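# Inside the fold
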Amino acid sequence: MAEPLESDSSLLVVILDVNPGSWARSALPLDKALQQMVIFINAYLALNTENRLVVLGASPRECRFLYPAPGGGAPTHDVQVYEQFRAVDARVLSGVAAMVEDAAGDDAGHSLMSRALSMALCHIRRISASVMTKVWPRILVLSAGSDSAREYISLMNSIFAAEKMSVLVDVCKVVAQDSVFLQQAAEITGGNYVRVDTPANESLLQTLMFTCLADHYTRGILNAPSNELIDFRATCFCHRRVVDIGFVCSVCLSIFCQMAPVCSTCQTKFTFKVARAGKGRASGEPPAAVAAAATAAGTPSAAMSSLNLS
Ligand SMILES: [Zn+2]
Ligand SMILES: [Zn+2]
């Protein structure tokens, strides 16, 4: 695996959560956040004339490429970088305004984050394959919404794909509630997870500049903000509920909140030999923590084991 050089350029995919309902509940209005995001994007473009930019909008209804315009192909290199600032600003602001208008009335929904991440990864793949020089890809998610448990599986698949592709995922979360899934995205891919609590005017811009602007090379020198309190809990595949203790199929690694005789994902059959209470477990632990030694018929390696996820 090649090490990043100081002269290498970056490919940044910005995913903007434009769910009007989420922003209405946050202390920072969407238009103020956008103004600061646009300044950040301009700073990123100014860092290296070879830097590439993609901006994606995600609403509860759709995901849309805001920059470059759809069908416009790979972003072109503009010698006059200030001209590019103008084009980016205009396209992002008008694109977000159009998406907000279309999404009006979908206040209760969650933005399609997993779809946006998949689109970002596909785009990164396409650009990386089409350029001769090495570009270091990363994704920045600006999110104001809460997690959607329904998205857990697809989101985790995207996160592991990003990790395999060496794509850093930075997450900037506006409003007080943390996003469990996006925290894991940042942690697994080596990106930064930052939360903007104070609605005070420029705090979003300051946070973005300090934590998300540095490229792969510079991050090797800087001390990243530590994420000590990450919630690593998973969502069960059966009810899409966040679980503290889950049961994991040893064949396909699906997570369930209850023991089941058959894995609903890969159809593996288990035979249970439940360990006696008190044998090999700490007293006071809930009964669900009793380890189930199970073997599937014909496949001795298959078992459903309990896993403490907290
Ligand atoms: Zn369940
Ligand atoms: Zn399974």
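Right above here is the structure, for reference.
This report concerns the structure included in the present document. Only a predicted model underlies this, so the values are computations on that prediction, with no experimental measurement involved.

## Here's the deal with the overall build of the protein chain
On a plain count of helices and strands, the protein chain comes out with eight helices and 13 strands. Every one of the 310 residues in the protein chain was classed for burial, and the buried ones make up 47%. Sequence-distant contacts in the protein chain: of pairs separated by 6 or more residues, those separated by 24 or more amount to 68%. As displayed, the protein chain has an accessible area near 15,400 Å², and 55% of this comes from carbon and sulfur atoms.

## Regarding the packing of aromatic side chains
Inspection of the entire model under this criterion finds two aromatic pairs. Centroid distance Tyr152 to Phe181: 5.2 Å. Interplanar angle 55°. Geometry classified as tilted. Pair noted here: Tyr152 is in helix 5 (residues 152-164) and Phe181 is in helix 6 (residues 180-189), with a separation of 29 residues, a long-range link. Measuring from ring centre to ring centre gives 6.4 Å for Phe237 and Phe256, while their planes differ by 55°; the resulting arrangement is tilted. Of the two residues, Phe237 is situated in the loop between strand 7 (234-235) and strand 8 (242-243) and Phe256 in strand 10 (residues 255-256); the sequence distance between them amounts to 19 residues.

## As for the pairing of strand 9 (residues 245-249)
Counting buried positions along strand 9 gives four out of five residues, so the element sits mostly inside the fold. Here strand 9 folds back onto strand 10 in antiparallel fashion, the turn holding five residues, of which Leu253 has a positive phi close to 65°.

## Description of the coordination of the zinc ion (ligand 1)
Coordination of the zinc ion (ligand 1) by the protein involves Cys236 (SG), Cys238 (SG), His239 (ND1) and Cys257 (SG), with metal-donor separations of 2.0 to 2.3 Å. In this structure, the zinc ion (ligand 1) is coordinated by four donor atoms arranged in tetrahedral fashion, with angles at the metal of 94 to 129°. Here Cys238 falls in the partly exposed class, since its relative accessible area comes to 37%. Using a relative accessible area of 14% as the deciding quantity, one classes Cys257 as buried.

## Considering the coordination of the zinc ion (ligand 2)
Bound to the zinc ion (ligand 2) on the protein side are Cys249 (SG), Cys252 (SG), Cys263 (SG) and Cys266 (SG), at distances that span 2.2 to 2.3 Å. Taken together, the four donor atoms surrounding the zinc ion (ligand 2) define angles of 105 to 113° at the centre, an arrangement classified as tetrahedral. Sequence spacing among the residues donating to the zinc ion (ligand 2) works out to C-x2-C-x10-C-x2-C. Of this pair, Cys252 sits in the loop between strand 9 and strand 10 while Cys266 sits in the loop between strand 10 and strand 11 (271-274); the two residues are 14 residues apart in sequence, bridging distant segments of the chain. On the accessibility criterion, Cys252 (29% relative accessible area) is partly exposed. The exposure class assigned to Cys266 is partly exposed, which follows from its relative accessible area of 29%.

## Regarding the packing of helix 2 (residues 30-47) against helix 7 (residues 203-211)
Taken N-terminus to C-terminus, the directions of helix 2 and helix 7 make an angle of 25°; their axes are 9 Å apart at the nearest point. In terms of axis orientation, helix 2 runs roughly parallel to helix 7. As for how helix 2 packs across helix 7, the hand of that crossing is right-handed. Facing helix 2, whose interface residues are Ala33, Gln36, Met37, Ile39, Phe40 and Ala43, helix 7 presents Ser203, Leu204, Leu205, Leu208 and Met209. Considering only residue class, the contact of helix 2 with helix 7 consists of nine nonpolar, two polar and no charged.

## Re the nonpolar core
Residues Val13, Ile15, Ile139, Val141, Val169 and Val171 are the most contacted members of the largest nonpolar core, which totals 39 residues. Mapped by element, the contributors of at least two residues to this core are strand 1 (9-17), strand 2 (52-58), helix 4 (113-130), strand 4 (135-143), helix 5, strand 5 (168-174) and helix 6. Per-domain counts for this core show at least three residues from each of domain 1 (9-219) and domain 2 (234-308). In this view, Val13 contacts Val54, Leu56, Ala120, Ile124, Arg138, Ile139 and Leu140; residues no more than four positions away in its chain are not counted. Counting 37 residues, the second-largest nonpolar core is a separate cluster that includes Leu16, Ile41, Tyr67 and Val194.

## A short note on the pattern of salt bridges
Overall, the coordinates contain four salt bridges when judged by the stated rule. Salt-bridge contacts for Asp170 lead to Arg219; the nearest nitrogen and oxygen are separated by 2.6 Å. Placement of the pair is Asp170 in strand 5 and Arg219 in helix 8 (residues 216-219), with a sequence separation of 49 residues. Given a relative accessible area of 0%, Asp170 falls into the buried group. Here Asp178 makes a salt bridge to Arg195, at a shortest N to O gap of 3.0 Å. Placement of Asp178 in the loop between strand 5 and helix 6 and of Arg195 in strand 6 (residues 193-196) is noted, with a sequence separation of 17 residues between them. Taking the relative accessible area as the measure of exposure, Asp178 reaches 31% and is therefore partly exposed. Residue Arg195 is classed as partly exposed on the basis of its relative accessible area, which comes to 35%. Connected through salt bridges with shared partners, the residues Glu62, Arg64 and Asp102 form a single ionic network.

Calculation criteria
Residues numbered from 1 in each chain as written. Chains lettered and ligands numbered in written order. Predicted model: local features only at pLDDT ≥ 70, side-chain atom pairs only at ≥ 80, totals over all residues. Heavy atoms only, no water. Helix = DSSP H or I, 4+ residues; strand = E, 2+ residues; numbered from the N terminus. Buried < 20%, exposed > 50% of the residue type's maximum accessible area, 1.4 Å probe, protein only. Contact = heavy atoms within 4.5 Å. Areas by Shrake-Rupley, 256 points an atom, 1.4 Å probe, with all protein chains shown as cover. Phe/Tyr/Trp six-rings, centres within 6.5 Å; stacked < 30°, edge-to-face > 60°. Pairing = 2+ DSSP bridges. Donors = N, O, S within 2.8 Å, 3.2 Å for Na, K, Ca; no water. Tetrahedral: all angles 85-135°; square planar, octahedral: opposite > 155°, others 65-115°. Axes fitted to C-alpha atoms, helices over the stretch in contact; angles between N-to-C directions. Parallel < 35°, antiparallel > 145°, perpendicular 65-115°, else oblique. Left-handed = near helix turned anticlockwise from the far one by under 90°. Nonpolar A, V, L, I, M, F, W, Y, C, P; charged D, E, K, R; others polar. Core = buried A, V, L, I, M, F, W, Y, C linked by side-chain atoms within 4.5 Å. Domains from an automatic or database assignment. Salt bridge = Lys/Arg side-chain N within 4 Å of Asp/Glu carboxyl O.

Keep in mind these numbers describe shape, not what the thing actually does.
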